[in-house]
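Architecture and fold: a report
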Amino acid sequence: MTDASAPAPRAASAPVLVVGDDRAPRTGGAAPGSGPRPDDDLLEGLNPQQREAVTYRGPALLIVAGAGSGKTSVLTRRVASLLRTREAWPSQILAITFTNKAAGEMRERVGQLIGESARGMWISTFHSACVRILRREAAQFGFTTSFTIYDSGDSRALIKRLVKEHEADAYGLTPAATQGRISKLKNELADAESYARSANMSDPAERVFVEVFSAYQRELQRANAFDFDDLIGQTVFLFRAFPHVADVYRRRFRHIMVDEYQDTNHAQYALIHELTRPVSSGGGDEYADSGMMIFDAPAADAPEPASLTVVGDSDQSIYAFRGADIRNIAEFEKDYPGAKVVLLEQNYRSTQNILSAANAVISHNFDRKDKKLWTDVGAGEPIVGFTGYSQHDEAQFIADEIETLHRAGVDYNQIAVFYRTNSQSRALEEIFIRAAVPYKIMGGTKFYERAEIKDALAYLVAIANPADEMALRRIINRPRRGIGDVTIETIARYAQSEQITFRDALANASAIGVGPKIQQAISRLDAVLAEAAEIMLPASGELAPPTAVAEGLQLLLNKSGYYDALRASKDPQDEARVENLDELVAVTREFARNNPEGTLLDFLTEVALVSDADDLEDASGSVSLMTLHTAKGLEYDAVFLTGVEEDLIPHRISAGEPGGPQEERRLFYVGITRARKRLYLSLAMTRAQFGEVTVAMPSRFLQEIPSDLLEWRQSPGDVNSRRGTQSRALNARRPGGGSGFGTGKRYGDDLVPLAKRSPSGSGGSIDKFANRIPAKVRDNGDLELAQGDRIRHDDFGEGRVDAVTGEGAKRVAHVRFDGAGMKKLLIKIAPITKL
DNA sequence: AGGGCCCCCATTTTT
DNA sequence: TGGGGGCCCT
């Protein structure tokens, strides 16, 4: 591959956009009649639409990429093609994704296609790209290059303090609500001032909110910090306020690509818009001559605006609740007149049955461009439906089915279970543990949100950005040094009166006006911070060695007494905290290996911007459990979509929100389209929530699936009829796969989907599966079982042990039950007795 | 300053 | 049902 690639253009050579006029679209296929293109091999195996998406050249291109239509492949080949044909230098390409994981994948795949010549591209998230820009330009507007980034926890802590100071809670402003409103406004590029102009300022609650908002912004600036929303918003502000700065980037980025465009919010949209505007200043601008010209991009005079490629699927827009604006993609052609649109509808992931179900469901959303996924791999298995009596019954069915699949040769890590809300995972876990189904919950781990990790990072921030008072306040009494709120305020007042920073105040402990014991504690902290700073940011001006961050962190944790305090504690959790901190130290080492030039600031940036959700596919050998939102972008051979009930999906809260039910339908659609070969839709008739059992109704989405695609192992009708209720109404008719639904009609008996009753139902009597799972996991101690033993199980009745595998607490009995078939049971906790 | 108790509340989440 | 936050008591 690499050999075939064109040599990277030499930096000295003239910066030419090689293949003809880049405004003249060269459409379609494989360059008819003009001999082999240098990117021919990149088009191999692509369908005509995909080829077009790779080869089209013009100012604006929208690739409407249905689920599983090979979007990533197209995008990476498009980038590779631009480089291979020498239409662009790597440095002229900016590719934006939403997650670091997606960015990493893309970088890797482009690298595979064209090798080293891919270096120098910006492939990053919106936030990382903005950080890079802001670091270079921060000095333009009152920040320094060593600014830090507040995550949502940091910003909530700050807002909480401000809400308290302004007594805003008296007006019903909770920290969470305030944070939400501020974030929303920032996503709309509003600031406190502009909001105040449009708000009803005679309302005291509004006035207080505006006060808190502007105080928050002041504090951020004072701390030399940006929150997540600011990273985008302030970059837009920068571009608008300083056109000559924006021009630098407009000249540099000739080709901009944005993935998951349907998820962009207004600020992100505006950012892209700024970057694709014509260069405003004429030739040789003073900015470039002032020694600030950091790019190797050639300074051609007034080049064309950058060409923009966006990829997305409005049917997969599921993040409106956090500001994503579907109009950005829906109105792309209006925003960029003359834009080319390419539709990718051929699906390379799922069977036709699954796609037909997905198409049918999503077609109930009005106001959408029609798009139908299709495949040539054939119908495949029917979709399987199951209705449990309870969530545990539902979970048991899933566990059984997973075992059946596994025995049939499906890897556990090719199986996923989705749910709408996190709380639904509990019942699944309980059953999976008992059934010895190996599983992993995805997206739940929040390593960087643990208190001890945040503390450790606050120590680092305190050194990297001494202006960040929040970080100092966080660590000043951790471990306990006897410095309480009163002392902190005393220090703050002293700092203010002396016109110095909080950090510098710590160096004058004796002058602050606190007792000798506290003075000593402050001085000791000051000394530790100074010592660590000398390691990580040597005052002598020399470069810190790559290991400096790791060393500095260890020094901080040791000499601050943080480690000691945890080790001395008798709280058993503190042991785990030490381990977590060790893990963090390991992360810094890893960082040093990967980034020999990496500074403390680089490390902190990476940590702030890179979540641990990025190692999503670490589930080797386990079934993956996750929310539907987390599932986006992933695919599995077998998918279980659980809790398909009214009030869950669509979620009850969505009913009141404009566009809510439609977004829920898209969420359901996303879930369906994750499945390659097998799809299971399951629900329960009763569900225990908030401590009480409620009766659940089948989701309206179920009946949007044509009945011939769905084979019920146990339909809602079966379950109800055994209870002797509703059976008539249920069996009376089957609503057609139908049209004209989607009004906010309430469900009722007439919406309960019907079922083809399959005789092979796994259920026996109601009592067998009634909600019998005890809250506590039992413990059989070291119950010994051997092949041939007869046992009795609370749910499954009697059976014979076929085999015992595993060791210790993880011993698993493979039992053939007389009534319930083969099961795997974790001997330690299964509700079994030896007979 | 810290521990314990009580009350309230309860989608989805990346950066 | 369960977790987190706030308040009160020691």
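This section reports on the structure supplied with the text. All figures in this text were calculated on a predicted structure; none of them were measured in a lab. (Residues numbered from 1 in each chain as written. Chains lettered and ligands numbered in written order. Predicted model: local features only at pLDDT ≥ 70, side-chain atom pairs only at ≥ 80, totals over all residues. Heavy atoms only, no water.)

To continue, consider the overall build of chain A. Scanning chain A from terminus to terminus reveals 32 helices and 22 strands. Considering only contacts within chain A whose residues lie at least 6 apart along the sequence, 75% involve residues at least 24 apart. Taken as a whole, chain A presents about 36700 Å² of accessible surface, with 51% of it coming from carbon and sulfur. (Helix = DSSP H or I, 4+ residues; strand = E, 2+ residues; numbered from the N terminus. Contact = heavy atoms within 4.5 Å. Areas by Shrake-Rupley, 256 points an atom, 1.4 Å probe, with all protein chains shown as cover.)

What follows concerns the protein's contact with DNA strand C. Around DNA strand C, the neighbouring residues are Lys160, Arg426, Phe690 and Gly691. By atom count, sugar and phosphate contribute 42% of the portion of DNA strand C lying within 4 Å of the protein. Classifying every residue of the surface near DNA strand C gives one nonpolar, one polar and two charged. (Near = heavy atom within 4 Å. Nonpolar A, V, L, I, M, F, W, Y, C, P; charged D, E, K, R; others polar.)

This part covers the packing of helix 16 (residues 391-407) against helix 17 (residues 425-434). Across the interface, helix 16 lies against helix 17 with an axial gap of 9 Å and an inter-helix angle of 50°. As the angle between them shows, helix 16 and helix 17 are arranged oblique. Two packed elements cross with a definite hand, and for helix 16 against helix 17 that hand is right-handed. Along its contact with helix 16, which presents Gln391, His392, Ala395, Gln396, Ile398, Ala399 and Ile402, the element helix 17 presents Ala427, Leu428, Glu430, Ile431 and Phe432. Split by residue class, the contact of helix 16 with helix 17 holds eight nonpolar, three polar and one charged. (Axes fitted to C-alpha atoms, helices over the stretch in contact; angles between N-to-C directions. Parallel < 35°, antiparallel > 145°, perpendicular 65-115°, else oblique. Left-handed = near helix turned anticlockwise from the far one by under 90°.)

To continue, consider the pairing of strand 14 (residues 675-684). Sheet faces and side chains relate simply in a regular strand, where the side chains alternate between the two faces. In terms of residue burial, strand 14 counts as a mostly covered element, since seven of its ten residues are buried. Note: strand 9 (residues 383-388) against strand 14, five bridges, orientation parallel. Within strand 14, the residue paired with glycine 385 across the bridge is leucine 681. Read from strand 13 (residues 636-641) through helix 29 (residues 660-672) to strand 14, the crossover connection turns out right-handed. (Buried < 20%, exposed > 50% of the residue type's maximum accessible area, 1.4 Å probe, protein only. Pairing = 2+ DSSP bridges. Right-handed = clockwise from strand over helix to strand, strands pointing away.)

Here the focus is the packing of aromatic side chains. Per the counting criterion, the structure on display carries 21 aromatic pairs. On the numbers, 5.7 Å between centres and 70° between planes, the contact of phenylalanine 98 with phenylalanine 126 is edge-to-face. Within this pair, whereas phenylalanine 98 is found in the loop between strand 2 (93-97) and helix 3 (100-114), its partner phenylalanine 126 is found in helix 4 (residues 126-137), the two being separated by 28 residues in sequence. The partly exposed category is assigned to phenylalanine 98, whose relative accessible area is 24%. Considering the side-chain rings of phenylalanine 386 and phenylalanine 397, the 4.0 Å spacing of their centres and the 0° angle between planes classify their relative orientation as stacked. With phenylalanine 386 in strand 9 and phenylalanine 397 in helix 16, this pair connects stretches of sequence that are eleven residues apart. Overall, the relative accessible area of 2% leaves phenylalanine 386 in the buried class. (Phe/Tyr/Trp six-rings, centres within 6.5 Å; stacked < 30°, edge-to-face > 60°.)

Attention now goes to the sheet that holds strand 18 (residues 790-793). Across the sheet, five strands lie side by side as 21-20-19-18-22; this open sheet has antiparallel pairing. Edge positions in the sheet fall to strand 21 (821-826) and strand 22 (832-834), since each of these pairs with one other strand and no more. Put simply, the sheet's adjacent strands are angled 40° from each other on average, direction ignored. As judged from the six bridges shared by strand 20 (residues 812-817) and strand 21, these two strands associate in the antiparallel manner. What sits directly across from valine 812, in strand 21, is leucine 826.

Looking now at unusual backbone geometry. With an omega of 0°, the peptide bond between arginine 478 and proline 479 qualifies as cis. By secondary structure assignment, the location of proline 479 is in the loop between helix 19 (469-475) and helix 20 (485-498). Geometrically, the link from isoleucine 649 to proline 650 is a cis peptide bond, its omega value of 0° lying close to zero. Positionally, proline 650 belongs in the loop between strand 13 and helix 29. One non-glycine residue with positive phi stands out, namely asparagine 224, at about 55°. Within the secondary structure, asparagine 224 sits in the loop between helix 8 (204-222) and strand 5 (225-227). Residue class for asparagine 224 comes out buried when judged on its relative accessible area of 5%. Of note in the backbone geometry, glutamine 499 takes a positive phi value of approximately 60° without being a glycine.

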